[in-house]
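# Analysis of the macromolecular model
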Amino acid sequence: MLSKCVVVTSLGSLLLVMYGLLINITKIEENRCKLTYMYEYPQFVRINFAENDQYPAYGLYAYSEGQLAQNARNMLYRGAPVIFIPGNAGSYKQVRSLASVALRKGLDNGLRYHLDYFTVDLNEQYSGLYGGVLNYQVDFVSLCIHRVLSLYKSVPGGSPTVILVGHSMGGKIAQAVATSPGMAPLINSIVAISSPMDVPVLAMDHYLQNFYNSVNSQWKQNRTVCSSPGKAARLKVEDDYCLTPEKGSRPLDHILLVTVGGGIRDTMVHDSLTNSIFGDVHAMTYNVPNVWLSVDHQCAVWCLQFVLVMNRFLYSLLDVENKRVANKFLENKNMRHKNALFYFKNVKFMESSEKLVKNDVRFEDWIEDIRRNFQLTFETGLNRTRVQMIPLNSNPLYRYMKAEVINLDTENWIFGCSAIEMDINMRYCSTATPLYNFSSVLPPAENDRQFAEINLHDIKAQNPSWTHLLLKFLKTNEAFKFTVDINNLDDRVLDIQMPKWFSYSQSQLLDDTVLGASFYKLRILGMDNSYQTLAINIDVRSCNAELPFVVANISVPWTDGFTKYSYYYKKNHSVIYAYTPYDKPNGFNSTTNPVSIDLHLNPSCRYTLSYSQSLSVMMARVVQQFGQWIPAHCVAILLLAIKHQVSVTPDNENFKCGKLHTALSRSTPFFIVTASRVFTKMVLMFKVLPQPEQYDFSILISVIIHGASLSLLLISTAFAWAAIVFCGNFVHKILLKIVCLPIPALSSTVVSCIHKFPMVIGGILMSVALASCGSAALICACVVYFIILTKMYESYLEHFVLKTAQRIAQKLFGINIRCRGDRPEKPLKAKEETNDPASGNQSPEAAVQRQEYDNVHHGLIDINFHLPLFLLLILISLLNFPSFLTWAKHYNLSPSLKPDASLIPSVIIIGSLSVLWQMNVPRNISGYRLLSGFLYVAAVVCIIYCQISLYRLNFIIAITFAAITIHQLVGLRINNE
């Protein structure tokens, strides 16, 4: 019964994971990116240099178009250099959209100020999966920077620095280049687009992990790390919060590091990986002004909305104030940082020269309206400047104001002043303080909608002399509209308690919004984990406007740069999904400062709000963030299954190996999840032991991933048996005709060679691993192992048919048919005694063990023993498949892969298999209890240390093969009477 419950639970987990994978592929979010169009044919001009001969697979190119390509061929460059670095399997041609838009922008100003784009060809290597190429790429990019800067030596005041733009792994390459000797002074800024910055997506080999550790260590030593980059700017404070490089500052402090993530549509690099503790500014494309949408991994380099913002930012870094140096980037990091905050986060800084603005009351209408909610529309525009006065007082109903304006040309429309002057019957103030830093833009950009949210009581406390806030709208001939919504903020705050993980029913939040309300704030209590997802359903009850709209701004207080905008127009039903990029940090009080959603609504409409936990998006995020755990759990379950197989045999009896599918379901696989947490706490007590990987996550995640892994292994076992049976039956039809027939003398030589076949094949595979690539040898070993398993099954079928024929002949004719190799079986006395119901001394566990033991057919013992080893071999081959792809891609350059992370594990495994294939295993020897203990410890190590660092599984699997082989070689044989 327990085993059936385990199987059902695991199948349910697999269905949930498959559902999440399906949602990731098909239904996460529609792609609203616009295409980037070309005006002329793109040209990639190769730039050769002497050191390029050391890297024949790589290249450096300059981008140009049309007739301008001739200047590039003549090596005439007058702009500021930007070098694009592609990522995992990325092409140097991915720079086309960025470079083309930059070139058009340069042509608009007559190429007086422009950017020169260069791009690096890294041969589309799998740098995100195989870390052996990363150091080569870093060295080549460093050479490219020197070569690019050498092109500007003849230009008066030529650019002494470059900007690096990296996509995917290219962002990490750019960060690593800055740590190379002598490179930091040559780098002005780094922009990493959809890049895994501090942690790799998949740590498939130790070269990749060591590369990350080395780069992170260098940046920690050579850069001042701020606890919260950009925090001061977000709080509207002039202090730049440890960004100013001072005398004696660290070597990497002058580099501006901007990181940008793609959001939930990027299923390759999920959002939490795109942030960096070394970054100055982090943003997600869904909160970048004028972008406001999630982009997938490849789309990030051609999405027109994002490409435009990127180039505006890069152009803002040009030093246009110095007239003598036109093609040079700003050296002042504070200015570069402010520009990044403005373009990627819409953060504005108040300049000292803009403290006061004079008003001319002769051409202005000053209107004070005591209403708290109103909306005015001017279809034909304004013939005079209108100044709407908002009183500042201590009335609790006048605590919070949200103002919204449509089709306004300027962002400087909010002011504060003391309106104590009079003109006829109109109060006014001759000077006012601009507050445009409170103004923000609502998506989408084509709607031209601005808004401001101001706490009136706080602004009054900060400026006691002020009497009013002013909303100033200049004279215009265009249609114009503005809305004012003043309220007590507490009346517009709605609290939501995050439902339990098993609850997915819809709950009503608000039956009807207040008439004229344009703003509500939702606080989600209990949303502390990154996999939790809440769906907010917004339905339009009635609407006087033609265009009902909903704009949601989702804020996660313990993150920086992950504020998300979602918007819906012309829809009567909208669903907004709220989630966090990563778990709440320990010690953070999410009760007083929870995840919040600012809802911007059309005041002419009435809405109904409800919510429910979203199973679809929750599982999509589980797959994105935790899907990489599956290999570690598969290995752990297989190790537990082998432990259970070798533990089936009762004491003092001949060894019989249990069935794999039975072992998978009865080896209490889910118990390992709890046991791993206990072991983790024990490991943390001993400082000398390596620290475990992430352990403070919900046990629900471990159960889902573990169950899905178990189902995958059950399905894989079924497919393996089907393949073995199919091939075995196919060959058996031929073998059946010649069974028990005399074999010619010449065949004895063939039989002798077949007997030595496993050891010979092992030697050949070892040679393949040493001469080419370890993963290639592992793949070949999988094929050989499968052939050996089919031969075992053929032998079993032959033996089974022969035994059946013997019994029929004995019963019908009384004739005993003996065939070569037949040996009489000994009756098992212990079996008879144990199965005797009258014995009365049999425990339930012993009964289950006895049943499994009795059900194992003697002819299947070998297959049962080898099948989990075969699955382990397949798993390690898949883990090292990126090494094989890299070797195959570079075979024309080098027949062997160097460095090869799969070499040592492959040599150990192939050496072990050569012995196991040659021997008649499993043997009836002692030591299986000790082997079981080792396998259990190895399974726990897989869960504690290998869920994220997948490369460690190579050594766990290799050591397991070696341990089993040594046990079969040196174990003492048991002689049972």
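The rules behind the values
Residues numbered from 1 in each chain as written. Predicted model: local features only at pLDDT ≥ 70, side-chain atom pairs only at ≥ 80, totals over all residues. Heavy atoms only, no water. Helix = DSSP H or I, 4+ residues; strand = E, 2+ residues; numbered from the N terminus. Buried < 20%, exposed > 50% of the residue type's maximum accessible area, 1.4 Å probe, protein only. Contact = heavy atoms within 4.5 Å. Areas by Shrake-Rupley, 256 points an atom, 1.4 Å probe, with all protein chains shown as cover. Salt bridge = Lys/Arg side-chain N within 4 Å of Asp/Glu carboxyl O. Axes fitted to C-alpha atoms, helices over the stretch in contact; angles between N-to-C directions. Parallel < 35°, antiparallel > 145°, perpendicular 65-115°, else oblique. Left-handed = near helix turned anticlockwise from the far one by under 90°. Nonpolar A, V, L, I, M, F, W, Y, C, P; charged D, E, K, R; others polar. Disulfide = S-S within 2.5 Å. Polar contact = N/O pair within 3.5 Å; in protein donor to acceptor, adjacent residues only side chain to side chain. Pairing = 2+ DSSP bridges. UniProt positions renumbered as here; feature names shortened; annotations may be inferred.

### A word on the overall build of the chain
Helix and strand counts for the chain stand at 24 helices and 30 strands. The burial tally for the chain puts 55% of its 977 residues in the buried class. Sequence separation of at least 24 residues holds for 80% of the intrachain contacts in the chain that already meet a minimum separation of 6. Of the accessible surface of the chain, which amounts to about 43400 Å², a share of 58% is contributed by carbon and sulfur atoms.

### So, the pattern of salt bridges
For the structure on display, the rule yields 22 salt bridges. Three or more residues joined by partner-sharing salt bridges are found here, namely Asp 511, Asp 512, Arg 541 and Arg 606.

### So, the packing of helix H4 (residues 134–150) against helix H5 (residues 169–177)
Where H4 meets H5, the closest approach of the two axes is 9 Å, and the angle between their N-to-C directions is 65°. Viewed along their axes, H4 and H5 adopt a mutual orientation that is roughly perpendicular. You can see that H4 and H5 cross each other, and the crossing is right-handed. Along its contact with H4, which presents Leu 134, Gln 137, Val 138, Val 141, Ser 142 and Ile 145, the element H5 presents Met 169, Ile 173, Ala 176 and Val 177. Among the residues forming the contact of H4 with H5, the class breakdown is 8 nonpolar, 2 polar and no charged.

### Here we look at the packing of helix H23 (residues 928–945) against helix H24 (residues 952–970)
Interhelical geometry of H23 versus H24 gives an angle of 180° and a closest axis separation of 11 Å. When the interaxial angle is binned, H23 and H24 end up roughly antiparallel. On H24, the residues that touch Tyr 928, Leu 931, Phe 934, Leu 935, Ala 938, Val 941, Cys 942 and Tyr 945 of H23 are Arg 952, Leu 953, Ile 956, Ile 959, Thr 960, Ala 963, Ile 964, His 967 and Gln 968. Across the contact of H23 with H24, the residue classes tally to 13 nonpolar, 3 polar and 1 charged.

### Some thoughts on the state of the cysteines
A full pass over the atoms with the stated rule returns 3 disulfides. The residue that forms a disulfide with Cys 33 is Cys 303, at a sulfur-sulfur distance of 2.2 Å. The disulfide joining Cys 33 to Cys 303 has a torsion of about -90° about its S-S bond and is therefore left-handed. On the criterion of sequence distance, the pair formed by Cys 33 in the loop between helix H1 (2–26) and strand S1 (42–46) and Cys 303 in the loop between strand S8 (281–284) and helix H8 (304–316) is long-range, its members being 270 residues apart. Of the two residues, Cys 33 and Cys 303, both sit in the buried class.

### Points about the side chain of Ser 294
Turning to its location among the elements, Ser 294 is positioned in the loop between S8 and H8. A distance of 3.2 Å separates the side chain of Ser 294 from the backbone nitrogen of Ile 264, its partner in a polar contact. Polar side-chain contacts of Ser 294 include one of 2.9 Å to the backbone nitrogen of Arg 265. If near-sequence neighbours (up to four positions away) are discounted, Ser 294 is found in contact with Glu 29, Gly 262, Gly 263, Ile 264, Arg 265, Thr 285 and Tyr 286.

### Let's talk about the pairing of strand S13 (residues 400–406)
In terms of residue burial, S13 counts as a mostly covered element, since 6 of its 7 residues are buried. Two elements, S13 and strand S21 (residues 480–487), share 7 bridges in a ladder whose sense is antiparallel. Residue pairing across strands places Ile 406 opposite Lys 481, the latter belonging to S21. Summarising the sheet, S13 and strand S19 (residues 449–455) pair through 7 bridges and their orientation is antiparallel. The residue bridging Tyr 400 from the neighbouring strand is Asn 455, located in S19.

### Concerning the UniProt feature "transmembrane region" (unreviewed entry) in the chain
This chain's UniProt record puts "transmembrane region" (unreviewed entry) on residues 699–727, 734–757, 763–788, 860–881, 901–918, 930–950 and 956–974. Secondary structure content for residues 763–788 is 92% helix and 0% strand, and the end C-alpha separation is 16 Å. The span residues 901–918 shows a helical share of 89% and a strand share of 0%, and its end C-alpha atoms are spaced 27 Å apart.

### Comments concerning the environment of Val 514
Note that Val 514 resides in the loop between strand S23 (507–510) and strand S24 (519–525). With a relative accessible area of 43%, Val 514 lands in the partly exposed category. The sequence separation of Val 514 and Cys 605 amounts to 91 residues, and the corresponding C-alpha distance is 9.5 Å. For Val 514, the residues in contact, after removing those within four places along its chain, are Tyr 520 and Arg 606.

### Observations concerning the sheet that holds S24
The strand order across the open sheet formed by 5 strands is S22-S24-S29-S26-S27, and the pairing between neighbours is mixed. In this open sheet, the two strands that pair with only one neighbour each are strand S22 (493–497) and strand S27 (564–569). Each adjacent strand pair in this sheet contributes to an overall mean axis angle of 20°, direction not counted. Pairing of S24 with strand S29 (residues 595–601), which is carried by 6 bridges, proceeds in the antiparallel orientation. Looking at the pairing, Leu 522 lines up with Ile 597 of S29.

### Describing the side chain of Asn 287
Among the secondary structure elements, Asn 287 is positioned in the loop between S8 and H8. Under the relative-accessibility criterion, Asn 287 is labelled buried at 10%. Reaching out from Asn 287, the side chain makes a polar contact with the backbone oxygen of Thr 563 at a distance of 2.7 Å.

### Focus: unusual backbone geometry
In this structure, the amide linkage connecting Pro 443 to the following residue, Pro 444, adopts the cis form with an omega of -5°. Mapping Pro 444 onto the fold places it in the loop between strand S18 (439–442) and S19. In this model, Val 921 is joined to Pro 922 through a cis peptide bond whose omega is 5°. Tracing the backbone shows Pro 922 in the loop between helix H22 (903–918) and H23.

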